[in-house]
Amino acid sequence: MCTAVRIVVAAAEPERRLELRRAAVTAEWEVVGEAADANAAYVEAVERRARFLVLDASAAGPRPEALVRRLRSTSPNAFVVGVGEVAGVDALVPDGALDGLRDTMRELLHESGDHQ
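If you're wondering where the values come from, they're calculated on a predicted model, not measured in any experiment.

Enquirer: Describe the packing of aromatic side chains, listing the residues and the values that go with them.
Expert: Across all of its chains, the model carries 2 aromatic pairs by this definition. A ring pair is formed by Trp-29 and Phe-52, whose centres lie 6.2 Å apart and whose planes are at 35°; its orientation type is tilted. With Trp-29 in strand S2 (residues 29-35) and Phe-52 in strand S3 (residues 52-56), the pair connects residues that are 23 residues apart, well separated along the chain. Given a relative accessible area of 0%, Phe-52 falls into the buried group. Through a chain of ring-to-ring contacts, three or more aromatic side chains come together here, namely Trp-29, Phe-52 and Phe-79. Above the ring of Tyr-42, the side-chain terminus of Arg-70 is found at 3.7 Å from the ring centroid. Cation over ring: Arg-106 sits above Trp-29, and NZ or CZ is 5.3 Å from the ring centre.

Enquirer: So what's going on with the side chain of Asp-56? Residues and values would help.
Expert: On the secondary structure map, Asp-56 appears in strand S3. The class for Asp-56 is buried, based on a relative accessible area of 5%. A polar atom in the side chain of Asp-56 sits 2.6 Å from the side chain of Ser-58. Once you skip the residues sitting within four places of it in the chain, Asp-56 turns out to touch Ala-10, Ala-11, Arg-16, Leu-20, Val-83, Val-86 and Asp-95.

Enquirer: Go over helix H4 (residues 101-112) with me, naming the residues and quoting the values.
Expert: Compared with an ideal rise of 1.5 Å per residue, which puts 12 residues at 16 Å, H4 spans 17 Å between its outermost C-alpha atoms and is within 8% of the ideal. Restricting attention to buried positions, one finds in H4 the residues Leu-101, Thr-104, Met-105, Leu-108 and Leu-109. Looking down the long axis of H4, one finds its buried residues gathered within 135° of arc, a one-sided arrangement. Away from its buried face, by an angle of more than 90 degrees, H4 presents the exposed residues Asp-103 and Glu-111. The elements touched by buried residues of H4 are strand S1 (5-10), helix H1 (14-24), S2, S3, strand S4 (79-83) and strand S5 (91-93). Residue Gly-113 follows H4 closely and has a positive phi angle near 90°.

Procedures and definitions
Residues numbered from 1 in each chain as written. Predicted model: local features only at pLDDT ≥ 70, side-chain atom pairs only at ≥ 80, totals over all residues. Heavy atoms only, no water. Phe/Tyr/Trp six-rings, centres within 6.5 Å; stacked < 30°, edge-to-face > 60°. Helix = DSSP H or I, 4+ residues; strand = E, 2+ residues; numbered from the N terminus. Buried < 20%, exposed > 50% of the residue type's maximum accessible area, 1.4 Å probe, protein only. Lys NZ or Arg CZ within 6 Å of the ring centre and 35° of its normal. Polar contact = N/O pair within 3.5 Å; in protein donor to acceptor, adjacent residues only side chain to side chain. Contact = heavy atoms within 4.5 Å. Expected span 1.5 Å × (residues − 1). Arc of directions from axis to C-beta.

Below, the structure is given as structure tokens:
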């Protein structure tokens, strides 16, 4: 049985979360949650069993690398993609280049061997 890739987006402002949502979603990928800060992003990603957390710099908090370690300890197959200046993530997308978000996410899936 094939299931959609589940994504949580996190940004401080609702408008930015909508931008991230639009940049991430595809016919096969589903945005299942969103958050305004790092702690809420972690909770959403774990509860929603997200494969990706797309973390905007505005919601990353002072220690995003700690969030990545925490998420990896509970969800080892999850990836964190930072948008803008976000330390310790699996991949970065420049702030003004959201059109490359899906390609970045596909590459992470491909590298992990989960590219169906």
